[in-house]
Amino acid sequence: MAQTTQPSLVASLFRTKPAEQIVAEGGQGEGGGLRRSMTLFQLTLFSVGATLGTGIFIVLGQAVPMAGPAVVLSFVIAAVTALFSALSYAELAGTIPVSGSSYSYAYATMGELVAWVCGWCLMLEYAVSVSAVAVGWGQYIDNFLQQSIGVNLPNSITSPAGHGGVINIPAVVVVVFAMFLLLRGAAESATVNAVMVCAKIGILIFFCIVAFAGFQSGNLAPFFPLGIAGVTGAASKVFFSYIGFDAASTAGEEAKNPKRDLPLAIILSLVIVTILYVAVAFAAVAAQPWQQFKGQEASLAQVLTNAIGANWPATLLDLGAIIAISSVVLTVMYGQTRILFAMARDGLIPKVFERVNPRTQTPVTNTLIVTGFIAVLAAVVPIDQLADATSIGTLFAFALVNVGVMVLRRTKPGLSRSFKTPLYPITPILGVTFCLYLMVRLAGVTWLVFLIWTVVGLVAYLSYGRRHSRLARGNGGLAVSPGVGDGSEPPAGEPVAPPPHAEAGPGGISAPPPAAIPAPRSAPGTLPAPRVPDSARGETPRSDE
């Protein structure tokens, strides 16, 4: 009897999933598929909606005391860092247009373990950042009610424990609101988001106009009161405000023309957000002395009140912030559910996350679980701790995306790419460098949280993900899947044999079929067939099924 060889531990940890296979499986989930309904306009506003709001409406008040008026440069530095990663995201999104975002890109280039760590960090970027945003939403709700009708919500229901309260009820409310929209469907969510994004862009333009009416040149001097170290430290803080430009990449399986639209949406959204951030930051520090920002909640609204001595502009701005933050919660929650959907399809987390409701064509159970987790986190954890934890997880994921571009260029130079990162390899190298630099600038306690989070993630992967990985089980669990660019794939245009589990020889060893079968849904030999449920393939169901 022929003997099979178990792959080594290292080989199994770094097995890669072919990019062609990832694309072929796109849109398919347990019980149904996702519906392609998003246009370039909707995708761009999805990324703008996920990005624009949090940093300017909340984090600006924390960053100005760190850098003074030079916080404007902090936003520029953070934008440049985000731009390098955005260009890399654009290339990979156009090459591998699926819902997994950087998790799927890492799976195709650096292997399963790195992909898992990336996906685990994306939970910091998405789920934890939504919680931080929702916390800030409560601050603006309270401020709006006080300015408009003279009512203050009790601190016990608007702040978490340790900050004078017990539970942040408004934060839970906005998360549940987003959940109901997501359960209705992606197209409906995109339409509501587009309306909210247009409203918050208009509100920020209004802020700039009113704030410049109170312009005081003396507020800008000295421009560097805390030196360059303060500027870079603030850049690490405000990088949190750029999180979300990659949201369009999580909609790869629901975009009408993903290869063309995803790269454009990512880059356009970052340009729009950067222009608005720099304009608003400059207007804010010119209208109010930078020392007054310390400890100031709902800082933009306070700037308007202090600048012109009237309350009505601040009231309008508070309403805009409520809309803006609602949009961020909606779009980032969407991104989190789609990343978990992709991870579940690969078997790394329980398959409940990939179940699709055939009527709404959305992952309903996935959405409910994510909502519960985010709501609890937003209700009890302060925003400053959440924001820093989000930044370090995001920077790590962005660094992996830049590395992924270089790996895929080397291993699969012939892949169809609708967008190529300019000035390669300088751009991705600078992207990695900037990300690592900003990570180093974060506080030690943030690094401790990140390391603990990573260790917990590795334990989860080794105890569950590695044993249930569909990439391993697709080979009978006996060998490592051919990697991207390792020379084991057939040349383009040649027929592709079905996976080894299609037929079994003596002793359970897979045997090749009598004739090769061309891959469906594309030119022969370029894409393997999409995955179908285990039961339909005659496999033993996963233990979590």
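Residues numbered from 1 in each chain as written. Predicted model: local features only at pLDDT ≥ 70, side-chain atom pairs only at ≥ 80, totals over all residues. Heavy atoms only, no water.

So, the overall build of the protein chain
Here is step 1: On a plain count of helices and strands, the protein chain comes out with 19 helices and two strands.
Here is step 2: Considering only intrachain contacts with a sequence separation of at least 6, the fraction spanning at least 24 residues in the protein chain is 82%.
Here is step 3: Accessible surface computed for the protein chain: about 19900 Å², of which carbon and sulfur atoms make up 68%. (Helix = DSSP H or I, 4+ residues; strand = E, 2+ residues; numbered from the N terminus. Contact = heavy atoms within 4.5 Å. Areas by Shrake-Rupley, 256 points an atom, 1.4 Å probe, with all protein chains shown as cover.)

Quick notes on the nonpolar core
Here is step 1: Core analysis: the largest hydrophobic core is formed by 153 residues, its most contacted members being F57, F75, F207, Y242, L300, V329 and M333.
Here is step 2: Of the residues forming this core, the biggest block, 21 residues, is contributed by helix α7 (residues 112-149).
Here is step 3: Beyond its immediate sequence surroundings of up to four residues, F207 is in contact with V280, A283, A284, L300, V303, L304 and L317. (Core = buried A, V, L, I, M, F, W, Y, C linked by side-chain atoms within 4.5 Å. Buried < 20%, exposed > 50% of the residue type's maximum accessible area, 1.4 Å probe, protein only.)

Remarks on the pattern of salt bridges
Here is step 1: Taken as a whole and judged by the stated rule, the model has nine salt bridges.
Here is step 2: Here K412 makes a salt bridge to E20, at a shortest N to O gap of 2.9 Å. Of this pair, K412 sits in the loop between α15 (383-411) and α16 (426-441) while E20 sits in helix α2 (residues 19-24), placing them 392 residues apart in sequence. In this structure, K412 and E20 share a single accessibility class: buried.
Here is step 3: Put simply, E354 and R470 hold a salt bridge, and the shortest N to O gap is 3.0 Å. In this pair, E354 sits in the loop between α13 (312-345) and α14 (364-380) while R470 sits in helix α18 (residues 470-473), placing the two residues 116 residues apart along the sequence. An identical accessibility class is assigned to E354 and R470; each is buried.
Here is step 4: One salt-bridge network, held together by shared partners, links E91, R409 and R417. (Salt bridge = Lys/Arg side-chain N within 4 Å of Asp/Glu carboxyl O.)

Some points on the confidence of the model for the protein chain
Here is step 1: Mean pLDDT over the protein chain: 78, with 80% of residues reaching 70 or higher.
Here is step 2: Element-level mean pLDDT values for the protein chain span from 45 in helix α19 (residues 534-537) up to 91 in helix α11 (residues 258-287).
Here is step 3: Below pLDDT 50 for its whole length, residues 475-545 participates in 119 contacts with residues either more than four positions away or in separate chains. (pLDDT = per-residue confidence, 0-100.)

Description of the packing of α13 against α14
Here is step 1: Across the interface, α13 lies against α14 with an axial gap of 10 Å and an inter-helix angle of 125 degrees. With respect to α14, the element α13 is oriented oblique. For the crossing formed where α13 meets α14, the hand is right-handed. Note on element contacts: α14 touches α13 through N366, T367, V370, T371 and I374, opposite M333, Q336, T337, L340 and F341. (Axes fitted to C-alpha atoms, helices over the stretch in contact; angles between N-to-C directions. Parallel < 35°, antiparallel > 145°, perpendicular 65-115°, else oblique. Left-handed = near helix turned anticlockwise from the far one by under 90°.)

Re the state of the cysteines
What we call a disulfide is simply a covalent bond connecting the sulfur atoms of a pair of cysteines.
Here is step 1: Scanning the model with the defined rule gives zero disulfides in all.
Here is step 2: Left unpaired, C118 is separated from the closest cysteine sulfur, that of C121, by 6.7 Å.
Here is step 3: The exposure class of C118 is buried, given its relative accessible area of 0%. (Disulfide = S-S within 2.5 Å.)

Structural notes on a nonpolar patch on the surface
Here is step 1: Together, I157, V166, I167, I169, V173, V376 and V380 line one region of the surface with nonpolar side chains, adding up to about 540 Å² of accessible area.
Here is step 2: Counting residues per element, the ones that place at least two in the nonpolar patch are α8 (169-184) and α14.
Here is step 3: In this structure, V173 sits in helix α8.
Here is step 4: Owing to a relative accessible area of 46%, V173 belongs among the partly exposed residues under this scheme. (Patch = residues over 30% accessible without salt bridge, like charges linked within 9 Å, V, L, I, M, F, W, Y side chains within 5 Å.)

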